[in-house]
Amino acid sequence: MDNHINAMKSRTSEKADLKDSNLHKISPSWDASVVPTAGSTKSKRRARAYGSTRRSVMNVTDKSTNIEDSSSPPSNFGSELQDESANIETTFSRWEDTIGPGELERAVLSLLDFGQITAAKQLQRKLSPGNVPLEFIIVDAAIKLAELLTPVQEIPSSSLGEDLRSVIQSYKIPIAVRLVDPEQVLENLSAILTEGSGRGLCKKIMAVVKAANVMGISFSEAFHKQPAELLQLLSLKAQVSFEEAKLLLQTHSFPAKSIAKILAGSFLKGLLAPHRGGYIDSQKEEGPAPLLWRFSDFLKWAELCPSLPEVGHALMRLVITGQEIPHECEVELLILSHHFYKSSACLDGVDVLVALAATRVEAYVAEGDFSCMARLITGVGNFHALNFILGILIGNGQLDLPLHKYSTATDGNTNAAEAVRGFRMAVLTSLKHFSTNDLDAFAMVYNHFDMKHETASLLESRAEQASRQWFQHYYKYQNEDLLESMCFYIEAAEVHSSIDAGNKTRAACARASLVSLQIRMPDIKWLNLSETNARRALVEQSQFQEALIVAEAYDLNQPDEWALVLWNQMLKPELIEAFVAGFVTVLPLQPSMLLELARFYRAEVAARGDQSQFSVWLSGGGLPAEWAKYHGRSFRCLLKRTRDLRLRSQLASVATGFVDVINSCNKVLDKVPENAGPLVLRNGHGGAYLPLM
């Protein structure tokens, strides 16, 4: 039967337009069809054609009954139409006979619930002319209340009218004596109806009422607008109309694609407004309060769309098809589109967006718009796919732009730590690939991400590079490179000290001191010495401070190393005293070092004896005749500086020839000399017996 009715509808569709001049149509996207007004005797609008077979029957019936009101057709047309009407009447009668009363009633209420008020009333008059269901009465009352509800919130009870008051009283809905809240009454009327019997229409009316109040228009005006148009108007007040838009979408049927298209278009308008005002770049992505849209608003509104990929499609479609969209706004659309693709795991959308971004970047480069490129890569965050943008920025000396943009983008981001690690890795990888020798760029990145260890290492390498450049100069007294190298070492020491790296701090300070020594004495090579040459330079120093600088710089500050240095000073008693005085103020006289010197002294005395001619192995110019006196004075200086009396006595015993020192130590220690114990005798050179322990 339904197939037959649809066939009849298609045969008469061309003739149906003849009655359009006498019928008022509501917008085709609306579910509700009519707003009754006082004094009206017939419907102002007819309902639009729906796919329902029952509605098709009503459309055919409408056309058969109202065709006479249209302009007069030719006579053969009239006869054909009468025959078709007779066939439809016959078909309708047969259909009526096969359908039960309960199903007919459900059909009427279903039409009413979907907002087809005119069709429902016509079908009800056809089936039961004298019976008016209570659902019709309640819906009429709801529409009258909606007209009273906008744009005011409360109305005097006297303005309700007798018909409306009687409906309210018949269902025992409580109202105030003076002022009535129509919204509350409308909710009570909606609660009376059941699902599928008009409650859906009442909810739609309530949604339109709330939307009309937000926009400041009457219910009739809002009711005549398409739902999509209403949603678009609400979206232009994004910061105050979210709940109203949510209710509108809950009560009306919207495809996800339409919702996404409306939201994307409104967001673009919101972007264009501040851009034309000139303050889109000065804000932290949120913008000032007067903005139509903020990012947080759009993310909230996008939840109204049941399909997030559709939101991404709609935003990207604006970029593809949009004309004269500023680059700044275009980038924001791409960033949001990628966000929705990523959050919904739409990998195909991400691939298309990356390809589109690559084509747009070419336009940005051609116009020198590097700021938009930096915003694009930091906002999207897909550093692996968009690393070519970093390469372009680095190649054009614009690395500071993405660093600044990314700091702004990660403010308040809960996943900032993970995002920062990814961005840092991408930037460093691009730097090593595109600009390996740009140490200033590396330093800027390290400082930006607070990479202390890497910063210190970079400063030390720059210091070494500056010192190598100095060696290439012909004129050694031009020490600008050395000064720069010393500054780098000092900065590296400061960085190491900030992370409690004590040994590295000491090493950096030592290298800085060595550079200062090179600046003071440029004729001697102090830098970049081999281990052997560093030891030779250390032994040859007559001033302790210079020796200490060399020892610290080349990691020779060990007791065994200092023993050789002190022994080389033994023939210079006028220097050894100052040297040892400076030594003890900084370093301790280690027992192992002193015992080593004592053994050196004893071996030297035993080897030389009373000879007046000596070998030249100790110094290049030979030894003076008073070598024994010089050695003795120098060693006594060391004994004098040794505060431990036991150690002093031990040193004097090992060195031999310092009996007075041993006796003085024993006297102070107030103890019996060690050789006063049991004696083990042996023949001495003079024929006497020498005591041994």
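Residues numbered from 1 in each chain as written. Predicted model: local features only at pLDDT ≥ 70, side-chain atom pairs only at ≥ 80, totals over all residues. Heavy atoms only, no water.

Draft legend 1. Molecular detail of the nonpolar core. Counting residues in hydrophobic clusters, the biggest one holds 98 residues, and the most contacted among them are Ile-205, Phe-267, Phe-298, Trp-301, Leu-315 and Leu-376. Here Phe-267 is in contact with Trp-293, Phe-295, Phe-298, Leu-315, Leu-333 and Leu-336, once residues within four sequence places are set aside. Ranked by size, the runner-up nonpolar core spans 61 residues in total, among them Leu-529, Tyr-601, Leu-647 and Val-661. (Core = buried A, V, L, I, M, F, W, Y, C linked by side-chain atoms within 4.5 Å. Buried < 20%, exposed > 50% of the residue type's maximum accessible area, 1.4 Å probe, protein only. Contact = heavy atoms within 4.5 Å.)

Draft legend 2. Geometry of helix α27 (residues 544-553). Within α27, eight of the 10 residues are buried, which leaves the element mostly enclosed by the surrounding structure. Taken together, the buried positions of α27 are Phe-544, Glu-546, Ala-547, Leu-548, Ile-549, Val-550, Ala-551 and Ala-553. On its buried face, α27 is in contact with α25 (502-520), α26 (531-539), α28 (559-568) and α29 (573-586). Backbone geometry just downstream of α27 places Asp-555 in the positive-phi region, at approximately 60 degrees. (Helix = DSSP H or I, 4+ residues; strand = E, 2+ residues; numbered from the N terminus.)

Draft legend 3. Examining the pattern of salt bridges more closely. Across all of its chains, the model carries 10 salt bridges by this definition. The salt bridge partner of Glu-330 is Arg-360, with a shortest N-O separation of 2.8 Å. Of this pair, Glu-330 sits in helix α16 (residues 327-343) while Arg-360 sits in helix α17 (residues 347-367), and the two are 30 residues apart along the sequence. On the accessibility criterion, Glu-330 (4% relative accessible area) is buried. Relative accessible area serves as the criterion here: at 22%, Arg-360 is assigned to the partly exposed category. Between Glu-531 and Arg-535 there is a salt bridge, and its shortest N-O distance comes to 2.8 Å. Of this pair, Glu-531 and Arg-535 both sit in helix α26, four residues apart, roughly one helical turn. Among the residues examined, Arg-535 registers a relative accessible area of 31% and is labelled partly exposed. Connected through salt bridges with shared partners, the residues Glu-531, Arg-535 and Glu-561 form a single ionic network. (Salt bridge = Lys/Arg side-chain N within 4 Å of Asp/Glu carboxyl O.)

Draft legend 4. Focus on the packing of aromatic side chains. What the rule picks out here adds up to 17 aromatic pairs. Here the aromatic rings of Tyr-601 and Phe-658 are separated by 5.5 Å at their centres, their planes lie at 45 degrees, and the arrangement is tilted. With Tyr-601 in helix α30 (residues 591-608) and Phe-658 in the loop between α32 (645-655) and α33 (659-669), the pair connects residues that are 57 residues apart, well separated along the chain. With respect to burial, Tyr-601 and Phe-658 carry one shared label: buried. One aromatic cluster is present, formed by Phe-544, Trp-562, Phe-579 and Phe-583 through successive ring pairs. When the ring centre of Phe-242 is taken as reference, the NZ or CZ atom of Lys-300 above it lies at 4.6 Å. In this structure, Lys-525 packs its charged tip against the face of Phe-471, placed 5.6 Å from the ring centre. (Phe/Tyr/Trp six-rings, centres within 6.5 Å; stacked < 30°, edge-to-face > 60°. Lys NZ or Arg CZ within 6 Å of the ring centre and 35° of its normal.)

Draft legend 5. Structural context of the side chain of Ser-235. If you trace the backbone, Ser-235 turns up in helix α11 (residues 227-235). Using a relative accessible area of 0% as the deciding quantity, one classes Ser-235 as buried. At a separation of 2.5 Å, a polar atom in the side chain of Ser-235 contacts the side chain of Ser-266. With residues near it in sequence (within four places) discarded, Ser-235 still touches Ile-262, Leu-263, Ser-266, Trp-293 and Trp-301. (Polar contact = N/O pair within 3.5 Å; in protein donor to acceptor, adjacent residues only side chain to side chain.)

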